[in-house]
Amino acid sequence: MSRLLCRPFGTHGKVHEITPAAAGWRYVGFSLWRLRAGESAAEATGGMEAILVMVEGRARFEAAGRDWGEIGDRMDVFEKTPPHCLYLPAGSDWRAVATTDCTIGVCLAPGRGGHAARRIGPGGITLTPRGEGSNLRHINNIAMEAEDVADSLLVTEVFTPAGNWSSYPSHRHDEDDFPRITYLEETYYHRLNPAQGFGIQRVYTEDGTLDETMAVRNHDVVLVPRGHHPCGAPHGYEMYYLNVMAGPLRKWRFAPDPAHAWLLPSP
């Protein structure tokens, strides 16, 4: 199996824990909790800031010295409604108690203390179409650079209809050369509907030194250390993914694969 493909540990509790050290990079971390009603999860962010994404379900949160009450109202991620999220600066403790069965994504990147704890969404997050034809997908921007909500983290959700492609035409963000391109490590947390389906993701560089194509299943995570990273949903199965990106600069600038740049809209 590809070293870029992370299968969940199981179906219950903490099922993913991706640290920068384990991924072999410097910035991005990602954990996933799948809790049953009444169960709890608790962690400390340490030197990382965090955005806790209620992928689905509801939970009560205590974090950064505050009681945030119950967060979440999307019971199935494929409802496509805006998510409820919680931003926590570095040095925060948090605890969640599930009030329904729930899935919590923990998005992590280095924190510098520049932002206070706050709720993000559902207000201000609008499902937005991108692309056309078989490249159409829909985006919930949780914390992209237009919103000054984090020190390092860039976080977004994408829904790709059955038979369509996403993160395409192929693009990369693996050089620290702003404004031409930025260096951003990235994780993809995938879901499929119906759940028994699969998707395809390719991670490759133009010189061929990295070229891996993976069949992703429900709850898999794909690591993107560098290179292009398109993904596709087969006929009959829609695809969701939660993206976490971070690097030395909180800007998203990318370069297309020259072989496929002709597919991009004219400037």
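Remember, it's a predicted structure, so these values are computed and weren't measured experimentally.

1. With respect to the pattern of salt bridges
Within this structure, the stated rule accounts for 16 salt bridges. Where Asp211 meets Arg202, a salt bridge forms, and the shortest distance between an N and an O atom there is 3.0 Å. Through salt bridges with shared partners, a single network forms among Arg172, Asp174, Glu175, Asp177, Arg180 and Glu206.

2. Section: the packing of aromatic side chains
Counted by the stated rule, this structure contains nine aromatic pairs. Considering the side-chain rings of Phe159 and Tyr240, the 5.2 Å spacing of their centres and the 55° angle between planes classify their relative orientation as tilted. Here Phe159, found in strand S14 (residues 154–160), pairs with Tyr240, found in strand S24 (residues 238–246); they are 81 residues apart in sequence, far enough to count as distant. Each member of the pair, Phe159 as well as Tyr240, carries the same accessibility label: buried.

3. With respect to the side chain of His171
Mapping His171 onto the fold places it in strand S16 (residues 171–172). One polar contact links His171 to His229, side chain to side chain, over a distance of 3.4 Å.

4. Structural notes on the nonpolar core
One broad rule of soluble globular proteins: the nonpolar side chains tend to lie buried together. Residues Ile51, Val53, Cys107, Ile142, Val155 and Leu242 are the most contacted members of the largest nonpolar core, which totals 51 residues. Here the element with the most residues in this core is S24; it accounts for six residues. Beyond its immediate chain neighbours, meaning those up to four positions away, Val53 contacts Pro83, His84, Cys85, Thr103, Ile104, Gly105, Cys107, Ile142, Val155, Glu157 and Leu242. Counting 21 residues, the second largest nonpolar core, distinct from the first, contains Ala50, Leu86, Leu88 and Leu108.

5. A few points about unusual backbone geometry
The peptide bond linking Gly121 to Pro122 adopts the cis configuration, its omega dihedral lying at 0°. Tracing the backbone through its elements, the reader meets Pro122 in the loop between strand S11 (118–120) and strand S12 (128–130). Cis geometry is adopted by the peptide bond preceding Pro179, which originates at Phe178 and carries an omega value of 10°. Note on placement: Pro179 falls in the loop between strand S17 (174–177) and strand S18 (181–183). Backbone geometry places Ala64, a non-glycine residue, at a positive phi of 50°. Following the sequence through the fold, Ala64 ends up in the loop between strand S6 (59–63) and strand S7 (66–71).

6. Notes on the environment of Arg58
Structurally, the position occupied by Arg58 is in the loop between strand S5 (48–56) and S6. Note on Arg58: relative accessible area 28%, which makes it partly exposed. The spatial distance from the C-alpha of Arg58 to the C-alpha of Gln201 is 30 Å, given a sequence separation of 143 residues. Other than its neighbours up to four places away in sequence, Arg58 contacts Glu70, Ile71, Gly72, Asp73, Met75, Ala98, Thr99, Thr100, Asp101 and Cys102. Within polar-contact distance, the side chain of Arg58 engages the backbone oxygen of Gly72 at 3.5 Å.

7. Describing the environment of Phe61
For Phe61, the position within the fold is in strand S6. On a C-alpha basis, the gap between Phe61 and Arg95 in space is 5.7 Å, while along the polypeptide they are 34 residues apart. Discounting chain neighbours no more than four positions away, the residues touching Phe61 are Leu52, Met54, Arg66, Asp67, Trp68, Gly69, Ile71, Leu86, Trp94, Arg95, Ala96 and Ile104.

8. Here's the deal with the sheet that holds strand S4 (residues 40–44)
The sheet built from four strands is open, its strands ordered S4-S9-S6-S7 with antiparallel pairing. In this open sheet, the two strands that pair with only one neighbour each are S4 and S7. With direction set aside, neighbouring strand axes in the sheet form an average angle of 15°. Of the strand pairs in this sheet, S6 and S7 are connected by five bridges, and their pairing is antiparallel. Along S7, the bridge assignment pairs Ala63 with Arg66.

9. Some words on the pairing of strand S13 (residues 137–143)
Counting buried residues in S13 gives five out of seven residues, a clear majority hidden from the surface. Across three bridges, the pairing between S12 and S13 is antiparallel. Paired with Pro129 across the bridge in S13 is His138. From the end of S12 to the start of S13, which pair antiparallel, there are six residues, and Gly131 there has a positive phi angle of about 85°. In this structure, S13 lies alongside S14, joined through five bridges in antiparallel fashion. Bridge pairing links Asn140 to Glu157 in S14.

Cut-offs and rules
- Residues numbered from 1 in each chain as written.
- Predicted model: local features only at pLDDT ≥ 70, side-chain atom pairs only at ≥ 80, totals over all residues.
- Heavy atoms only, no water.
- Salt bridge = Lys/Arg side-chain N within 4 Å of Asp/Glu carboxyl O.
- Phe/Tyr/Trp six-rings, centres within 6.5 Å; stacked < 30°, edge-to-face > 60°.
- Helix = DSSP H or I, 4+ residues; strand = E, 2+ residues; numbered from the N terminus.
- Buried < 20%, exposed > 50% of the residue type's maximum accessible area, 1.4 Å probe, protein only.
- Polar contact = N/O pair within 3.5 Å; in protein donor to acceptor, adjacent residues only side chain to side chain.
- Core = buried A, V, L, I, M, F, W, Y, C linked by side-chain atoms within 4.5 Å.
- Contact = heavy atoms within 4.5 Å.
- Pairing = 2+ DSSP bridges.
- Axes fitted to C-alpha atoms, helices over the stretch in contact; angles between N-to-C directions.

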